[in-house]
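What follows is the residue order along each chain.
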Number of protein chains: 2
Amino acid sequence: MKKDSILPPKQPDTLSDKFQRGDLMAEACPSRTVLKHMTSRWGVLVLIALQGPTTRRFSELRRLIGGVSERMLAQTLQWLEADGLVNRVAFDVVPPHVEYSLTPLGQQAAEKVRDLADWIETSLPHIAQRWAKQPNQEGAQEPAVSADLR
Amino acid sequence: MKKDSILPPKQPDTLSDKFQRGDLMAEACPSRTVLKHMTSRWGVLVLIALQGPTTRRFSELRRLIGGVSERMLAQTLQWLEADGLVNRVAFDVVPPHVEYSLTPLGQQAAEKVRDLADWIETSLPHIAQRWAKQPNQEGAQEPAVSADLR
DNA sequence: GTAAGTACGTACAGAAAGGTAAGTATGAAA
DNA sequence: TTTCATACTTACCTTTCTGTACGTACTTAC
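Residues numbered from 1 in each chain as written. Chains lettered and ligands numbered in written order. Predicted model: local features only at pLDDT ≥ 70, side-chain atom pairs only at ≥ 80, totals over all residues. Heavy atoms only, no water.

K.L.:
Sorry, what's going on with the overall build of chain A here?
P.N.:
From N to C terminus, chain A includes six helices and three strands. Secondary structure elements of chain A, listed N to C terminal, follow the sequence α-α-α-β-α-α-β-β-α. The 150 residues of chain A split such that 39% are buried. Entry remark: accessible area of chain A is about 8,900 Å², with carbon and sulfur atoms responsible for 52%. (Helix = DSSP H or I, 4+ residues; strand = E, 2+ residues; numbered from the N terminus. Buried < 20%, exposed > 50% of the residue type's maximum accessible area, 1.4 Å probe, protein only. Areas by Shrake-Rupley, 256 points an atom, 1.4 Å probe, with all protein chains shown as cover.)

K.L.:
Got a minute to help me understand the protein's contact with DNA strand D in this structure?
P.N.:
The immediate surroundings of DNA strand D are formed by 21 residues, with Arg71 of chain A together with Glu70, Arg88, Pro96 and Tyr100 of chain B found nearest. Considering DNA strand D, the proportion of its atoms within 4 Å of the protein that are sugar or phosphate atoms stands at 66%. In this structure, a phosphate oxygen belonging to DNA strand D sits 2.8 Å away from a side-chain N or O atom of Gln78 of chain B. Mapped by element, the contributors of at least two residues to the surface near DNA strand D are helix H5 (70-82) of chain A together with helix H4 (58-64), helix H5 (70-82) and strand S3 (97-102) of chain B. (Near = heavy atom within 4 Å. Polar contact = N/O pair within 3.5 Å; in protein donor to acceptor, adjacent residues only side chain to side chain.)

K.L.:
When you look at the protein's contact with DNA strand C in this model, what are you seeing that I'm missing?
P.N.:
In the vicinity of DNA strand C, 21 residues are found, and the nearest of them are Arg57, Glu70, Arg88 and Tyr100 of chain A together with Arg71 of chain B. Backbone atoms, meaning sugar and phosphate, make up 68% of the atoms of DNA strand C lying within 4 Å of the protein. Here Gln78 of chain A contributes a side-chain N or O atom positioned 2.9 Å from a phosphate oxygen of DNA strand C. Between DNA strand C and the protein, one listed contact pairs a phosphate oxygen with a side-chain N or O atom of Ser69 of chain B at 3.2 Å. At the level of elements, helix H4 (58-64), H5 and strand S3 (97-102) of chain A together with H5 of chain B are the ones that each hand at least two residues to the surface near DNA strand C. Considering only residue class, the surface near DNA strand C consists of eight nonpolar, five polar and eight charged. (Nonpolar A, V, L, I, M, F, W, Y, C, P; charged D, E, K, R; others polar.)

K.L.:
Which parts of the structure should I look at to understand helix H6 (residues 104-133) of chain B?
P.N.:
Each turn of an α-helix holds 3.6 residues, which means side chains three or four residues apart point in the same direction. Taking 1.5 Å of rise per residue, 30 residues should cover 44 Å, and H6 of chain B covers 43 Å from first to last C-alpha, within 8% of that figure. The axis of H6 of chain B is deflected most strongly, by about 55°, at Ser123 of chain B, and proline Pro125 of chain B appears within four residues downstream. (Expected span 1.5 Å × (residues − 1). Bend = angle between axes of the 7 residues up to and from the residue.)

K.L.:
Where do I start with the interface of chain B and chain A in this structure?
P.N.:
Note on interface size: it is often stated as the accessible area lost on association of the parts. Taken together, the contacts link 73 residues of chain B with 68 residues of chain A. Together, the buried faces of chain B and chain A total about 6,200 Å²; carbon and sulfur atoms form 68% of this surface. Our enumeration of links across chain B and chain A arrives at four salt bridges. Taking the shortest distance from any N to any O, the salt bridge between Glu121 of chain B and Arg21 of chain A comes out at 2.7 Å. For the pair chain B and chain A, the interface holds 18 residue pairs in polar contact (both at pLDDT 80 or more). Elements that contribute at least two residues to the side of chain B that touches chain A include exactly helix H1 (15-20), helix H2 (31-38), helix H3 (43-49), H4, H5 and H6 of chain B. For the side of chain B that touches chain A, the element with the highest residue contribution is H6 of chain B, accounting for 20 residues. (Contact = heavy atoms within 4.5 Å. Buried area = accessible area lost by both parts, 1.4 Å probe. Salt bridge = Lys/Arg side-chain N within 4 Å of Asp/Glu carboxyl O.)

K.L.:
Explanation requested: the side chain of Asp83 of chain B in the structure shown.
P.N.:
Relative to the helices and strands, Asp83 of chain B resides in the loop between H5 and strand S2 (86-91). Notably, Asp83 of chain B is buried but unbridged: the nearest opposite-charge side chain belongs to Arg130 of chain A, and the N-O separation is 7.1 Å. Within the local environment of Asp83 of chain B, its side chain forms a polar contact with the side chain of His37 of chain B, the two groups lying 2.6 Å apart. Look past the residues within four positions of Asp83 of chain B in its chain and what remains in contact with it is Ile127, Arg130 and Trp131 of chain A together with Val34, His37 and Leu105 of chain B. (Lys, Arg positive; Asp, Glu negative; His and termini not counted.)

K.L.:
Even after reading the chapter, I still don't get the pattern of salt bridges, so can you show me in this structure?
P.N.:
Between side chains of opposite charge, a pair can form as their charged atoms come close. Applying the stated criterion across every chain yields a total of eight salt bridges over all chains. In this structure, the salt-bridge partner of Arg21 of chain B is Asp118 of chain A, at a minimum N-O distance of 3.8 Å. On the criterion of chain membership, the pair formed by Arg21 of chain B in the loop between H1 and H2 and Asp118 of chain A in helix H6 (residues 104-133) is interchain, its members lying in two chains. One salt-bridge network, in which partners are shared between bridges, spans Arg21 of chain A together with Asp118 and Glu121 of chain B.

K.L.:
I'm lost on the relation of the copies chain B and chain A in this one. Help?
P.N.:
These two copies of the chain differ by a rotation about an axis and a displacement along the same axis. By a simple turn and slide, chain B fits onto chain A: the slide is 0.0 Å along the axis, the RMSD is 0.1 Å, and the turn is 180°. The operation mapping one copy onto its partner corresponds to a two-fold rotation axis. Distance from the rotation axis, computed per C-alpha, reaches its smallest value in chain B at Thr39 of chain B: 2.7 Å. The fraction of interface residues of chain B whose copies in chain A are also interface residues reaches 86%, indicating that both copies meet through the same surface. (Least-squares fit on C-alpha atoms with pLDDT ≥ 70 in both.)

In C-alpha cells, the structure reads:
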C-alpha cells in the first residue's frame, strides 16, 4: 500500500540534504550540473586527456581529442575549471601559452570517467556485434517498422 | 594525418585494434555512440535506477528519475536496449505492462556509471562551495535558498 | 613578405536534444 | 459516467548544443 512511497512529492528537508550529499535523482539538485559538465560530449575526453603527470596546452588537447572544435574545447575547459576539476595557468607571453592540468578533485573525477571509458572501449566489440544484427538506431530514428510486440 | 605521438604510446594504434577495442579519442570510432547514449542526460540515471534485483516498470522509472519526460525516458530506454544494456519484456495485457531490467552487460555499465554518480554526489559539497566563491558562471547555479553551510 | 602557430572570443547558423500536449486501447476505481 | 492509470507514439515547438568562420597580437619560419 505504498502509492507515494516511490518518490515523495516534496520535502523541505531534502534541502539540507543537498548540501551534505547530492542526489542525482532529484530534479533540482545541483549535482545534475556537475554531471552535465563531466558527461558532456567533450568533458569525458578532456578529463581523460588531462590524466598523467604532464600539463597540457590548449592546442595539444585539441590534437589529442579527435574532432573537437576550438570553441567547444575552450568551453568545456571553462566548465571544468569552474567546477574545480581543472587548473589553468596562463603565461603572459607573446604567443599565448596556457597550461592545463587536473586538480586533485579533477584527478578523482578523471579516474571514474576513465573507468567508464575503458569499459566502453573494451566492450565495444560486444555492442557493435549486436548492432550488426539489429538494424539501425543511433541518433537518427527513421520511421522504422514498428515491432509488433502486442 | 595522424599525430598521436603526444600521447604515451600505450598500444599500437592499428586498424584492427579499432575493431577489437574502441578508441574514444578517435573521431570516427563507434564507441563515441555508446558513450553518447550512456552519458546522455537521462542515460546515466536510467542505468542507475535499473540497478538492483527487481525489474522496473516504465512509469515507475519515470517517478524515480526526477524530471524525465515520457518521451525522453522512452527514447533513452530504446537506445540502451539497442546497445544491449537493457532488457525489455512486454506483457500482452490490457493496461500495458512492461518490465525493464539490466542485461549482464548493462550491469557492468551501471556499475561504472554508479561509481561516477556516487563520486559526484559525495563531492558536490566541495564543488558547490567553490561555486559560491567564484562569481556566477555558465551552468553554475545559485543556491535555491541561501543557506550557507559553514 | 607571407604564412603559420598560439589561445582564445564572438557572431551566426544549423543540428540535436528536449519538453508539451494529445492520442491509443482497455479495465478498474470513483 | 467520468476519470485514472498504463506504455508508449507522434507532431510541434523551444532550448541548448555544436561547428564554421573570422578576428587578435605578436613571433618565428620560409
